[in-house]
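Tertiary structure, described
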Amino acid sequence: MRPLDPRLLRRARAARVYVLLTAALGLLTAGLVVAQALLLAAALAPVVTGAAGWSDVAAQVGALAVVVVLRVLVTGAQERFAHRSATRAVAEVREQVVTRAVALGPRWLAGGEAAGVTTLATRGLDALEPYFVRYLPQLLLAVTVTPAALAVVLGLDWVAALTIAATLPLVPLFM
């Protein structure tokens, strides 16, 4: 199975809408992560180096607090929509399984397939919920936040961006 299985998206219309919304929320989260990192650096660097006091960076700290609150709200919305959409997608696929089993008729079910259909329609499809709620959002975040952060680093320091781009493929290797 691929990370984003198109067969599953064809079967569950609710999943398609969710993937699109998750991608949009992922892009928004990527922007907020980058903004948070930049604001944190802008607030801490002058204080650590002694170039400014805490009162001088109050505006950056306030903006940082706003960005953190926005990230919490976006993450909460994503979680809420993920659970709702996962429930709809699983119910949609479950209905298709049961409809297909009924269409095949009682002879097919009597041939020993009833237990398999029952397992698939219950526990088997319930196992899809973590895929929709946890895995897909994290996959889309990894795909959006990493390039966004790399683009920002490239704009700030091309040597650091080159170092990150060269070492990034090593992360899965060491996982």
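All residue numbers refer to position in the chain's written sequence, counted from 1. In view of the model being predicted, local features appear only for residues whose pLDDT reaches at least 70, and side-chain atom pairs are presented and counted only at 80 or more, with totals across whole chains, interfaces and linings using the full set of residues. Remark: hydrogens and water are excluded; side-chain values derive from all non-hydrogen atoms of the structure.

Section: the side chain of Glu92
Assignment of secondary structure puts Glu92 in helix 3 (residues 58–104). By the convention used here, residues are in contact when the closest approach between their heavy atoms is within 4.5 Å. Once residues lying within four places of it in the same chain are set aside, the contact partners of Glu92 are Arg11, Ala12, Arg13 and Ala14. Secondary structure elements are defined from DSSP: runs of H or I of at least 4 residues count as helices, runs of E of at least 2 residues count as strands, and each element is numbered from the N terminus.

A look at the packing of aromatic side chains
Two aromatic rings from Phe, Tyr or Trp, using only the six-membered ring of Trp, form a pair when their centres are within 6.5 Å; if the ring planes differ by under 30 degrees the pair is stacked, by over 60 it is edge-to-face, and anything between is tilted. According to the stated counting rule, one finds one aromatic pair in the structure shown. On the numbers, 5.5 Å between centres and 20° between planes, the contact of Tyr131 with Tyr135 is stacked. With Tyr131 and Tyr135 both in helix 5 (residues 128–156), this residue pair falls four residues apart, about one helical turn.

Thoughts on the confidence of the model for the protein chain
Of all residues in the protein chain, 98% attain a pLDDT of 70 or more, and the chain-wide mean is 84. On a range of 0 to 100, pLDDT expresses the predictor's confidence in each residue. Within the protein chain, helix 1 (residues 6–11) has the poorest average pLDDT of any element, 74, and helix 6 (residues 158–167) the best, 94.

Digging into the packing of helix 2 (residues 13–49) against helix 5
When two helices pack together, their arrangement is captured by the angle between the axes and the distance separating the axes. Where helix 2 meets helix 5, the closest approach of the two axes is 8 Å, and the angle between their N-to-C directions is 40°. Put simply, helix 2 runs oblique to helix 5. In this structure, the crossing between helix 2 and helix 5 has a hand that is right-handed. Residue-level inspection shows Ala15, Tyr18, Val19, Thr22, Ala23, Gly26, Leu27, Thr29, Ala30, Val33, Val34 and Leu38 of helix 2 in contact with helix 5, the latter providing Phe132, Val133, Leu136, Pro137, Leu140, Leu141, Thr144, Val145, Ala148, Ala149, Val152 and Leu156. As a working rule, the residues Ala, Val, Leu, Ile, Met, Phe, Trp, Tyr, Cys and Pro are called nonpolar, Asp, Glu, Lys and Arg charged, and the rest polar, with Gly in that last group. Classifying every residue of the contact of helix 2 with helix 5 gives 20 nonpolar, four polar and no charged. Angles run from 0 to 180 degrees between N-to-C directions of axes, and those axes are lines fitted to C-alpha atoms, restricted for helices to the stretch in contact. Just so you know how the angles are binned, under 35 degrees is roughly parallel, over 145 roughly antiparallel, 65 to 115 roughly perpendicular, and the rest oblique. In a left-handed crossing the near helix is turned counterclockwise from the far helix by less than a right angle, and in a right-handed crossing that turn is clockwise.

Here we look at a nonpolar patch on the surface
The patch calculation keeps residues exceeding 30% relative accessible area without a salt bridge and links them within 9 Å when they carry like charges or within 5 Å when they are nonpolar (Val, Leu, Ile, Met, Phe, Trp, Tyr). Here, Shrake-Rupley sampling with a 1.4 Å probe gives the accessible areas, and only protein chains in the shown set may cover a residue. Here, a salt bridge means any side-chain nitrogen of Lys or Arg that lies within 4 Å of a carboxyl oxygen of Asp or Glu. Residues Leu40, Leu44, Val48, Trp54 and Val61 make up a contiguous nonpolar surface patch of roughly 500 Å² in combined accessible area. Residue position: Val61 is located in helix 3.

Section: the environment of Gln96
Mapping Gln96 onto the fold places it in helix 3. Along the chain, Gln96 and Pro169 lie 73 residues apart, while their C-alpha atoms are 40 Å from each other.

So, the pattern of salt bridges
Under the criterion given, the structure shown has two salt bridges. The closest approach of N and O atoms between Arg134 and Glu79, which form a salt bridge, is 2.5 Å. Taken as a pair, Arg134 in helix 5 and Glu79 in helix 3 lie far apart in primary sequence, 55 residues in all. Relative accessibility decides the category of a residue: with a 1.4 Å probe and only protein chains considered, values under 20% of the type maximum give buried, values over 50% give exposed, and everything between is partly exposed. A residue is classified by how much of its surface remains accessible, and Arg134, at 47% relative accessible area, is partly exposed. In this structure, the salt-bridge partner of Arg94 is Asp126, at a minimum N-O distance of 2.7 Å. A residue pair is termed long-range when its members are at least 10 positions apart, and Arg94 in helix 3 and Asp126 in helix 4 (residues 106–126) qualify at 32 residues.

A look at helix 3
Each α-helix turn comprises 3.6 residues. Residues three or four places apart therefore point the same way. Across its 47 residues, helix 3 extends 68 Å between first and last C-alpha, which sits within 8% of the 69 Å expected from 1.5 Å per residue. Looking one or two residues beyond helix 3, the residue adopting positive phi is Gly105, at roughly 90°. Each helix should span, by expectation, one fewer than its residue count multiplied by 1.5 Å.

Some words on the environment of Val33
As for its placement among the helices and strands, Val33 is situated in helix 2. Judged by relative accessible area, which is 24%, Val33 ranks as partly exposed. Through-space distance from the C-alpha of Val33 to that of Arg94 is 37 Å; in sequence the pair is 61 residues apart. Setting aside anything within four residues of it in sequence, one finds Val33 in contact with Arg71 and Val145.

What about the side chain of Thr29?
Assignment of secondary structure puts Thr29 in helix 2. On the basis of relative accessible area, Thr29 is assigned to the buried category, the value being 7%. Here the side chain of Thr29 touches Leu25 through a polar contact of 2.8 Å, landing on its backbone oxygen. The contact partners of Thr29, leaving out residues within four places of it in the chain, are Val74, Gln78 and Leu141. Distance and chemistry together define a polar contact, namely a pair of N or O atoms within 3.5 Å, with one atom able to donate a hydrogen and the other to accept it when in protein, and with adjacent residues in sequence counting only for side-chain atoms on both sides.

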